[in-house]
Amino acid sequence: MGRLLPHHPSLLLLAAAAAAICISSSNLAAVRCTPVYRPDYLVDGNQLVDMQYHMGPVVSGSPTNLYLIWYGRWEPAAQAVLRDFLASLSASAPFPAVSDWWARTPRMYTDQTGANVTGAFAVAGEHSDAGYSHGASLRRADMQSVIRSAVYAYPDPLPLDPYSGAYLVLTSPDVQVDEFCRAVCGFHYFTFASVVGVTVPYLWVGNSATQCPGKCAYPFAAAEYGAGAGAGGGGGGGGGQAVLRPPNGDAGVDGMVIVLGHELAEMSTNPLVNAWYAGDTPTAPTEIADLCLGVYGDGGGAGGMVGNVSRAPDGSAYNVNGVNGRRFLVQWLWNPVRAACYGPNSSN
Ligand SMILES: *[C@@H]1O[C@H](CO)[C@@H](O)[C@H](O)[C@H]1NC(C)=O
Ligand SMILES: *[C@@H]1O[C@H](CO)[C@@H](O)[C@H](O)[C@H]1NC(C)=O
């Protein structure tokens, strides 16, 4: 988030920096992630962003069925926020809506069959794993086992839906995950037939409320990065961004919305890690949300600033509207037509 301007055409170095942090000390190098917040991701470069298509499919099922796995102990109020965000992807709401954000960027990506990324999602099943089937400390590879447990659960298994399904593993604040908070806030990948029975896209997002809100729920908590770094809001060299009030009153969950939006956009445009990404190497691809990390409005990206966003009557910050009168903050995404980071709250 260092020096990126939203319409700056030269972002490739950001890509390299973010990807390197995402994959460091991981034995699953190609797992795609939302990196933890750092003020120096976005670096001015001299190279053009080369967002390219690599011949693989995009997520185009209409609807695409989302299957939620609530891992750990979840509060109903937190679940309601995340369900409403997912419902908002394909529902109308006052402009700028979550569905405008989706329609104006991820939906603009196509694959070699001519199919666009879907504009229709349905939450088609939910599974509660409140008994921590694989413990309170998960390795990345365990995510596939968690999904396997859910689709073979007795008595209420989630459907195994290889044609139009995607699985979302959501971990509660007490669950530790390999590299969570140290390097990543979430990731997406696909299941292996040898583990789950089919190859199907999935993503994981963790609730960082107690473990590292300054890394994974920024800007709803003071930025925290590096050894001995000061708080955000002007401290620690992170720039002048003050902590923002979360639109649904829960920094951990509103932070998950940001990461979930990031991962959904990347999963949908690059589900098998062979469709849309920039950079030369498939083990360190830079995807459509990586390029715009930390940008939420006009003027965002420079010095850790989120950019121009709206304020609700209670002072909370948001840039899109959703169902049930909800408001959310989502990051901008790389728009292939504009060749720039973009969100529907942009003034141009
Ligand atoms: C599909 O993507 C193309 C290429 O970006 C775009 O022109 C078109 O409007 C998209 N279709 C829909 C329904 O969004
Ligand atoms: C942000 O909003 C203010 C007030 O509407 C406006 O004056 C300013 O130009 C905007 N900044 C950018 C970068 O668009």
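Being a predicted model, the structure only gives us computed values, none of them experimental.

> Just to check I follow, could you spell out the overall build of the protein for this structure?
Within the protein, the regular secondary structure consists of 7 helices and 16 strands. A total of 348 residues make up the protein; the buried ones form 54% of that total. Long-range contacts, defined as pairs at least 24 residues apart, comprise 72% of the intrachain contacts of the protein with a sequence gap of at least 6.

> Even after reading the chapter, I still don't get the site of ligand 1, so can you show me in this structure?
Surveying the vicinity of ligand 1 reveals the residues R107, M108, T110, N116, P336 and V337. Considering only residue class, the shell around ligand 1 consists of 3 nonpolar, 2 polar and 1 charged.

> Is there a simple way to explain the site of ligand 2 in this structure?
Every residue near ligand 2 is listed here: D298, G299, N308 and S347. Counted by class, the shell around ligand 2 contains no nonpolar, 3 polar and 1 charged residues.

> Would you explain the nonpolar core in this entry?
Nonpolar side chains in soluble globular proteins generally cluster together in the buried interior. Within the largest apolar cluster, 98 residues are counted, with the highest numbers of intra-cluster contacts made by I69, L82, V98, I147, L168 and V169. The dominant element in this core, judged by the number of residues it contributes, is helix α7 (residues 251-269), at 10 residues. Beyond its immediate chain neighbours, meaning those up to four positions away, I69 contacts H127, D129, V146, I147, A150, Y167, L168, V169 and L170.

> What should I look at first to understand the environment of V337 in this one?
Relative to the helices and strands, V337 is located in the loop between β15 (333-335) and β16 (340-342). Through-space distance from the C-alpha of V337 to that of T105 is 8.6 Å; in sequence the pair is 232 residues apart.

> What is the right way to read the pairing of strand β9 (residues 201-206) from this model?
The two faces of the sheet receive side chains in turn, since in a regular strand these alternate between them. Within β9, 6 of the 6 residues are buried, which leaves it mostly tucked inside the rest of the structure. Alternating residues of β9 divide into P201, L203 and V205 and Y202, W204 and G206, and every residue in both groups is buried. Pairing between strand β6 (residues 165-171) and β9: 5 bridges, direction parallel. Each bridged residue has a counterpart across the sheet, and for V169 the counterpart in β9 is W204.

> I'm lost on the environment of A183 in this one. Help?
In this structure, A183 sits in the loop between β7 (176-177) and β8 (184-190). C-alpha separation for the pair A183 and V36, spaced 147 residues apart in sequence, amounts to 5.5 Å.

> Before we go on, may I ask you to explain the packing of helix α2 (residues 76-88) against α7 in this structure?
Packed helix pairs are specified by the crossing angle of their axes together with the interaxial distance, meaning the distance between the axes. Orientation of α2 relative to α7, taken along the N-to-C sense of each, is 30°, at an axis distance of 10 Å. Viewed along their axes, α2 and α7 adopt a mutual orientation that is roughly parallel. By crossing handedness, the relation of α2 to α7 is classed as right-handed. Touching A78, V81, L82 and F85 of α2 are V253, M256, V257 and L260, all from α7. Residue classes in the contact of α2 with α7 are distributed as 8 nonpolar, no polar and no charged.

What counts and what doesn't
Residues numbered from 1 in each chain as written. Chains lettered and ligands numbered in written order. Predicted model: local features only at pLDDT ≥ 70, side-chain atom pairs only at ≥ 80, totals over all residues. Helix = DSSP H or I, 4+ residues; strand = E, 2+ residues; numbered from the N terminus. Buried ≥ 20, exposed ≤ 12 C-beta atoms within 10 Å, placed from the backbone. Contact = placed C-beta atoms within 7 Å. Near = placed C-beta within 6 Å. Nonpolar A, V, L, I, M, F, W, Y, C, P; charged D, E, K, R; others polar. Core = buried A, V, L, I, M, F, W, Y, C linked by C-beta atoms within 7 Å. Pairing = 2+ DSSP bridges. Axes fitted to C-alpha atoms, helices over the stretch in contact; angles between N-to-C directions. Parallel < 35°, antiparallel > 145°, perpendicular 65-115°, else oblique. Left-handed = near helix turned anticlockwise from the far one by under 90°.

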